[in-house]
Amino acid sequence: MSYANPGTRNGLAADAIFLEVFWTRVRSIADEAAKLIIRTSFSTLSSEANDFAVVVTDSCGRSLAENSGSIPSFIGTLPRTVQAALDQIGADQMQPGDVFITNNPWIGTGHLNDVCLVKPIFHDGRLVAFAATAGHVPDIGGKIRSVDSRELFEEGFHIPMMRLLRAGQPDETLLSLIRTNVRTPEQTVGDIWSQVGAVELIANRLGEVLTEYGLAGIDDLANALFERGESAMRRAIERIPDGEYRYAMQTDGFDEMLRFAVTVTVKGSEIECDFSGTSEQQPRAINCVIAYTYAMTVYAIKCLLLPDLPNNEGLFRPIRAVAPEGTIVNPRSPAPVGGRACTGHYVPTLIFGALYAVLPERVMAGAGSPLWIANLSGTRANGKPFAIVLFYNGGMGATAEKDGSSAMSWPSNISPTPIEMAERDAPLFFRYKRLRPGSGGPGRFRGGLGEEICFVSKHHAPLSIVFLTERIHVPAPGLGAGEAGACGEVLINGAAVDSRRPHVLAPGDEVILRTPGGGGYGAAKERNEALQSYDVAHGYTL
C-alpha cells in the first residue's frame, strides 16, 4: 500500500483510521524491542525486574510510543534525553549507524545507574525519528548505591552524552573504560549491548513500516496524534473545578524529617503542580532531578484522568511541574541522586492527596512505596567482584472502591526479584518470603499488605549490603478517615538497624525485611463484614 502524498495534513494525518493503525504498529515495535531486551539482557534487572523502558520519538524528540510495560519515570525522562542529544550533538552531525549514550542524571533518568541510549533513525537519507532506551545496569562503579553518598562524584562512572557507535562502529575505548570502572563488567556491558539491539530493531522495523506505506517520514502523523492526545487531556482537565488544591506531608528524612508540599492549580484546560515548600536539597543521595519529578507528575495526572489512553507527547502538554531550584525535587548539580526514587516516588501520593478534594473517587491512599532495594557486593571465591540488586515492594493504598494490592510496586512498575533468581546470582539462602498480616492500614477499604523477607548470607567472606528504604518512621497515610499502614523494619540477626547506613554481613548473618503497608480509605467502622471475614480467613489481619 502506498500514497502519493504521504503524511500531509490533507492526507493520512487527517485519516483517523490510518492514524490508529499507524500508532498501533509503532507501539507494537516498541513492545517487540522490549521483549528483545528481556530475552538478551545479561542481568536480572531487565529480564526479571522490568527496570527499563523503550520509547520511539519523532524527529524532534517528542514521545510517540513506548513499550506497554515501561517504567513511568523513564517514559517521562527519555524524550528529554533525545532532545539533549539533539541540543548537544546536533541533527546535522548525526549519521546512519550512530548510537548515543549517557547516564547523566540531569538529562537521563535521574541517577547514574540508568544507562540511556539514543539512536537517530534515517529513511531515504533523512532523519525521521529516534529510538531510545533506558535500563538500570547492575553496577556503575563508585560506592554501592545508597543514600549515604554526599556528592555525585561518589556515585559511579559518569558518561556524558557521546557516541557509543559511530556509523555502526563501537567506541572500544569507552567500552574498556566502563568495564574497568564497574564491578560487573560482563553484565553491565552486556546489558548495554542488549539495549543496542533494541534500538537497532526499532530502526529496522520503523523503516519497514515507512516503506510499506510509502511514507517519507512520521512527523505529520505524530503531530496529528499529539494534537488528539492534547485535546483529550484538556477535555479531561476541564471537568475538574478551577482552583488551588494543596497537600503536604513528612517523610523519614535523616537527622530531621523531610517536608513535601504541592499546590495543584487547575485553570481551564491546564494543570500546574508547584512543589514550593518542599525541603531543600540534601547532602545525601535522595535528591530527585526535575526531569524525574516532572515524569512522576504527569504520570499521576494521567492515572487520574486518562488511564486507558496510550501515552504520547500531546497528553503531557497541558501539565506543568514547577519546583524551586535547590530543593530535593529540583537539586543543583553535583548533588548526590543515587537514591532519587526515595523522593520521586512520593510525588504521585502528594498529587493524589491534593486532588482528593475534587476527585475522591479516583485517588488512592498513600502506598508503601518508595520501592525497597537491597544492594549486595563482595568478591567471589575466584577473586572476581560482584554486585547484586534485589527489589522488594510494600502494599498499595486503598481506593474508594477496593482494597490496596499487596506487595505491589507503585509507582515504579518494577517486579520483585524472584527467590530462585536471587539465590542463583547471590550467595544467599532465603528462609521465607510472605505477606505481613496487619500491615495494611484499616479503613472502609484496607491498604495493601507489605511483605516480610528473611535471608541468610552463605558467602564465604564478609558481604557488603546497602539498603534503600523509606517509611521506616513515617507510615503511608490513609485518606477519607482511613488509617495509616504499618511502618517498615530492617533487622540483622534480630536487631533493628539503621537502614540508611551500609552494613557488612558475616557468614551466617540473617536479614529480615518488613516492607510498609498501604494506607486505608474511609472509616474502618464502615468496612463490609464480608471483607472483614475474608481478611480473617486468609490471615491478612493479626
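Before reading on, note that the structure itself is shown above.
Note that the coordinates shown come from a computational prediction; the quantities given were computed from them, not determined experimentally.

Between side chains of opposite charge, a pair can form when the charged atoms approach closely. Summed over the entire model, instances satisfying the criterion amount to 31 salt bridges. R340 is the partner of D114 in a salt bridge, and the nearest nitrogen-oxygen pair spans 2.8 Å. Taken as a pair, D114 in strand 4 (residues 114-123) and R340 in the loop between strand 11 (319-322) and helix 9 (341-344) lie far apart in primary sequence, 226 residues in all. Here D114 matches R340 in class, with each residue buried. The residue E270 makes a salt bridge to R234 at a minimum N-O spacing of 3.5 Å. Here the residue E270 occupies a position in strand 10 (residues 270-274), and R234 occupies one in helix 6 (residues 219-238), the gap between them amounting to 36 residues. Given the relative accessible area of 41%, E270 is considered partly exposed.

Let us look at the sheet that holds strand 1 (residues 52-58). Strands sit in the order 2-1-5-4-3-6-7 across an open sheet of seven strands; the sheet is antiparallel. Strand pairing shows two members of the sheet lacking a second neighbour, strand 2 (63-66) and strand 7 (169-170), which therefore form its edges. When strand 1 meets strand 2, the two strands line up antiparallel, connected through three bridges. Looking across to strand 2, one finds that V56 is bridged to A65. Across the sheet, helix 4 (residues 172-181) lies against strand 3 (99-102), strand 6 (162-166) and strand 7, angled at about 120 degrees from strand 6, the strand it touches most.

Moving on, we come to the packing of aromatic side chains. For the structure on display, the rule yields eight aromatic pairs. When the ring of F18 is compared with that of Y213, the centres are 5.0 Å apart and the planes differ by 85 degrees; the resulting orientation is edge-to-face. One end of the pair, F18, is in helix 1 (residues 16-40); the other, Y213, is in helix 5 (residues 185-213), and 195 residues separate them in sequence. Here F18 falls in the buried class, since its relative accessible area comes to 6%. Judged by centre distance (6.2 Å) and plane angle (70 degrees), the rings of Y356 and Y521 are edge-to-face. Taken as a pair, Y356 in the loop between helix 10 (347-355) and strand 12 (372-379) and Y521 in the loop between strand 20 (510-514) and helix 12 (529-537) lie far apart in primary sequence, 165 residues in all. One Lys or Arg, R27, reaches over the ring of W23 and ends 4.8 Å from the middle of that ring. Sitting over the ring of Y294, R80 keeps its end group 4.8 Å from the ring centre.

On to the pairing of strand 15 (residues 451-457), then. Most of strand 15 sits inside the fold, with seven of its seven residues counted as buried. Residues of strand 15 alternate between two faces, with E451, I453, F455 and S457 on one and E452, C454 and V456 on the opposite face, all of them buried. Judged from the five bridges that link them, strand 15 and strand 20 form a sheet pairing that is antiparallel. Opposite C454, over in strand 20, you have I512 as the bridge partner.

Attention now moves to the nonpolar core. Ranked by internal contacts, the top residues of the largest apolar core, which has 144 residues, are F22, F275 and L305. If you tally residues by element for this core, the top one is helix 5, at 12 residues. Ignoring any residue separated from it by four or fewer positions in sequence, one finds L305 in contact with M233, A236, I237, I240, I271, L359 and R362. If you look at the next biggest cluster of nonpolar residues, it comprises 21 residues, including A374, L376, Y392 and L428.

Moving on to the sheet that holds strand 19 (residues 503-505). Pairing is antiparallel across the open sheet formed by four strands, whose spatial order is 13-12-16-19. The open sheet has two edge strands, strand 13 (385-392) and strand 19, and neither has a second partner. Strand-to-strand twist of the sheet, defined as the mean angle between neighbouring strand axes without regard to direction, takes the value 25 degrees. The pairing of strand 12 with strand 13 spans eight bridges and is antiparallel. Looking at strand 13, one finds that A374 is bridged to L390.

Along the chain, T263 turns up in strand 9 (residues 258-267). The buried category is assigned to T263, whose relative accessible area is 17%.

This part is about the packing of helix 1 against helix 6. Remark: helix 1 packs on helix 6, axes separated minimally by 11 Å, with the N-to-C direction vectors making an angle of 100 degrees. Relative to helix 6, helix 1 is oriented roughly perpendicular. Residue-level inspection shows A16, F18, L19, F22 and W23 of helix 1 in contact with helix 6, the latter providing L221, A224, L225 and R228. Residues of the contact of helix 1 with helix 6, tallied by class, amount to eight nonpolar, no polar and one charged.

Basis of the calculations
Residues numbered from 1 in each chain as written. Predicted model: local features only at pLDDT ≥ 70, side-chain atom pairs only at ≥ 80, totals over all residues. Heavy atoms only, no water. Salt bridge = Lys/Arg side-chain N within 4 Å of Asp/Glu carboxyl O. Helix = DSSP H or I, 4+ residues; strand = E, 2+ residues; numbered from the N terminus. Buried < 20%, exposed > 50% of the residue type's maximum accessible area, 1.4 Å probe, protein only. Pairing = 2+ DSSP bridges. Contact = heavy atoms within 4.5 Å. Axes fitted to C-alpha atoms, helices over the stretch in contact; angles between N-to-C directions. Phe/Tyr/Trp six-rings, centres within 6.5 Å; stacked < 30°, edge-to-face > 60°. Lys NZ or Arg CZ within 6 Å of the ring centre and 35° of its normal. Core = buried A, V, L, I, M, F, W, Y, C linked by side-chain atoms within 4.5 Å. Parallel < 35°, antiparallel > 145°, perpendicular 65-115°, else oblique. Nonpolar A, V, L, I, M, F, W, Y, C, P; charged D, E, K, R; others polar.

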